[in-house]
Amino acid sequence: MDKLAPSPLDPLAAAVADRLHAQSKKQLVANVPAIAGRMAVSLLRDRTADFTQGEEGKRFVADKLVAIAPAKAALIHMLCRSIGATRIVEAGTSFGVSTIYLAAAVRDNLAERDDGGEGLVIGTEHEPAKVQRALRNLREAGVEEFVEIREGDLRETLVDLTGPIDFMLVDIWVPMALPALRLVTPHLRPGALVVCDNVVGAAKEYREYLEFVRDPDGPFTSVTVPGNGGMEISRKR
Ligand SMILES: C[S@@+](CC[C@H](N)C(=O)[O-])C[C@H]1O[C@@H](n2cnc3c(N)ncnc32)[C@H](O)[C@@H]1O
């Protein structure tokens, strides 16, 4: 028996997502020694395990999927379906794996409402080649019409957002997580959810982000979901 529940996606989108999950895992496994080496150098040099920074780090990750894990993707899909999300922001699109789940949720939420309303996932990605790959994957998965990918640095691409936003996925290199959330927070509707990946595995690196979402006087209430690097799920007050 499979360890995970079946994919929540329709067969067309599931086939594309499953292929990309497998590709991402294979890429990760093949690069374990390279990643471990880079983490060790980063720890010694900058006291952080974040190996994505600096010119060399950026070059290394420029062609990597680093896709969200299947179970986490299924969870964000379920959350988006549960809150009826139709306007979503994704910080960190890469090859579009998480985007497929978010866009499928928007499509299905709109279909259930059946009121002619519109919906959109606004993704952002600063590697032009990844944007092209994401667009191709979204087209193949049949969900392209529900996605707009803004190419460039999110500190520029997310400044002119209009709300209300129902859901945000933060799956980005760590130093960008809090700047992304700060940009989007004013546009999140009350009850909107923000999911940030890998906050347990990289708790030290996410310290400021976590302080922000866990601040009892701040704009969010927050829970940590452990396992596989962990996730922080924060709800806008
Ligand atoms: C962890 S990956 C995203 C994976 C994606 N959510 C998925 O599941 O397929 C993070 C992505 O953020 C992109 N990125 C990093 N810093 C960025 C920035 N300042 N602006 C836009 N994109 C950025 C990287 O190029 C990388 O593709």
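Report on the accompanying structure.

Conventions used here
- Residues numbered from 1 in each chain as written.
- Predicted model: local features only at pLDDT ≥ 70, side-chain atom pairs only at ≥ 80, totals over all residues.
- Heavy atoms only, no water.
- Buried < 20%, exposed > 50% of the residue type's maximum accessible area, 1.4 Å probe, protein only.
- Helix = DSSP H or I, 4+ residues; strand = E, 2+ residues; numbered from the N terminus.
- Arc of directions from axis to C-beta.
- Contact = heavy atoms within 4.5 Å.
- Axes fitted to C-alpha atoms, helices over the stretch in contact; angles between N-to-C directions.
- Parallel < 35°, antiparallel > 145°, perpendicular 65-115°, else oblique.
- Left-handed = near helix turned anticlockwise from the far one by under 90°.
- Pairing = 2+ DSSP bridges.
- Near = heavy atom within 4 Å.
- Polar contact = N/O pair within 3.5 Å; in protein donor to acceptor, adjacent residues only side chain to side chain.
- Areas by Shrake-Rupley, 256 points an atom, 1.4 Å probe, with all protein chains shown as cover.
- Nonpolar A, V, L, I, M, F, W, Y, C, P; charged D, E, K, R; others polar.
- Salt bridge = Lys/Arg side-chain N within 4 Å of Asp/Glu carboxyl O.
- Phe/Tyr/Trp six-rings, centres within 6.5 Å; stacked < 30°, edge-to-face > 60°.
- Lys NZ or Arg CZ within 6 Å of the ring centre and 35° of its normal.

**A short note on helix H9 (residues 207-214)**
Then, number 1: Looking at H9, one finds that the buried residues are Tyr-209, Leu-210, Phe-212 and Val-213. Angular distribution of buried residues about the axis of H9 spans 160 degrees; they occupy a single face of the element.
Then, number 2: Against strand S4 (165-170), helix H8 (177-184), strand S5 (188-197), strand S6 (220-225) and strand S7 (231-236) lie the buried residues of H9.

**What to know about the packing of helix H1 (residues 11-30) against helix H5 (residues 97-113)**
Then, number 1: Contact geometry of H1 with H5 gives a least axis separation of 9 Å together with a crossing angle of 155 degrees. Judged on the interaxial angle alone, H5 and H1 are roughly antiparallel. Two packed elements cross with a definite hand, and for H1 against H5 that hand is left-handed. The segment H1 lies against H5, with Ala-13, Val-16, Ala-17, Leu-20 and His-21 engaging Val-97, Ile-100 and Tyr-101.

**Examining the sheet that holds S5**
In sheet architecture, strand pairing relies on hydrogen bonds along the backbone and comes in two forms, parallel and antiparallel.
Then, number 1: Read across the open sheet, the seven strands follow the order S3-S2-S1-S4-S5-S7-S6; overall the sheet is mixed. Each edge of the open sheet carries a strand with a single partner, namely strand S3 (147-151) and S6. Each strand of the sheet is rotated relative to its neighbour by a mean of 15 degrees, with strand direction disregarded.
Then, number 2: As defined by bridge partners, S6 adjoins S7 across six bridges and the pair is classed as antiparallel. For Thr-224, the partnering residue across the bridge sits in S7 and is Glu-232.
Then, number 3: Lying on the sheet, helix H4 (residues 70-82) is in contact with strand S1 (87-91), S4, S5 and S7; it crosses S7 at an angle near 10 degrees.

**Side note on the site of the ligand**
Then, number 1: Contacts to the ligand come from 21 residues, most closely from Gly-92, Ser-98, Glu-125, Lys-130 and Asp-171.
Then, number 2: Within the backbone of Ile-68, one N or O atom sits 2.9 Å away from an oxygen atom of the ligand.
Then, number 3: Here a nitrogen atom of the ligand sits 2.8 Å away from a polar atom, N or O, in the main chain of Gly-92.
Then, number 4: Burial of the ligand by the protein amounts to 98% of the accessible area it has alone, namely 610 Å².
Then, number 5: Of all the secondary structure elements, the ones that give two or more residues to the shell around the ligand are H5 and strand S2 (120-125).
Then, number 6: Grouping the amino acids of the shell around the ligand by side-chain chemistry returns nine nonpolar, seven polar and five charged.

**Comments concerning the packing of H1 against helix H6 (residues 128-141)**
Between two packed helices, both the angle of their axes relative to each other and the distance between the axes serve to describe the pair.
Then, number 1: Where H1 contacts H6, the axes come no closer than 7 Å and their chain directions differ by 145 degrees. Residues Leu-12, Ala-13, Val-16, Arg-19, Leu-20 and Gln-23 of H1 form the contact with H6, whose participating residues are Arg-133, Asn-137, Glu-140 and Ala-141.
Then, number 2: Taken together, the residues of the contact of H1 with H6 sort by class into five nonpolar, two polar and three charged.

**Focus: the pattern of salt bridges**
Then, number 1: Enumeration according to the criterion identifies 15 salt bridges in this entry.
Then, number 2: We note a salt bridge from Arg-81 to Glu-112, for which the minimum N-O separation is 2.8 Å. On the criterion of sequence distance, the pair formed by Arg-81 in helix H4 and Glu-112 in helix H5 is long-range, its members being 31 residues apart.
Then, number 3: Accessibility expressed as a relative area gives 27% for Arg-81, which makes it partly exposed.
Then, number 4: Owing to a relative accessible area of 60%, Glu-112 belongs among the exposed residues under this scheme.
Then, number 5: Between Arg-150 and Glu-148 there is a salt bridge, and its shortest N-O distance comes to 2.8 Å.
Then, number 6: Taking the relative accessible area as the measure of exposure, Arg-150 reaches 17% and is therefore buried.
Then, number 7: Take Glu-148: its relative accessible area is 30%, and that puts it in the partly exposed class.

**Let's talk about the packing of aromatic side chains**
Then, number 1: The final tally for this structure, using the stated rule, is two aromatic pairs.
Then, number 2: A centroid spacing of 6.2 Å and a plane angle of 75 degrees characterise the contact between Tyr-206 and Tyr-209, whose relative ring orientation is edge-to-face. An identical accessibility class is assigned to Tyr-206 and Tyr-209; each is buried.
Then, number 3: Note on Phe-212 and Phe-220: the rings are 6.0 Å apart at their centroids and 75 degrees apart in plane angle, and the pair reads as edge-to-face. No difference in accessibility class separates Phe-212 from Phe-220, as the two residues are buried.
Then, number 4: The positively charged end of Arg-38 is found above the aromatic ring belonging to Phe-60, 3.9 Å away from the centroid.
Then, number 5: The lysine or arginine in question, Arg-182, covers the ring of Phe-212, its NZ or CZ lying 4.6 Å from the ring centre.

Without other data, these values stay purely geometric and don't point to any function.
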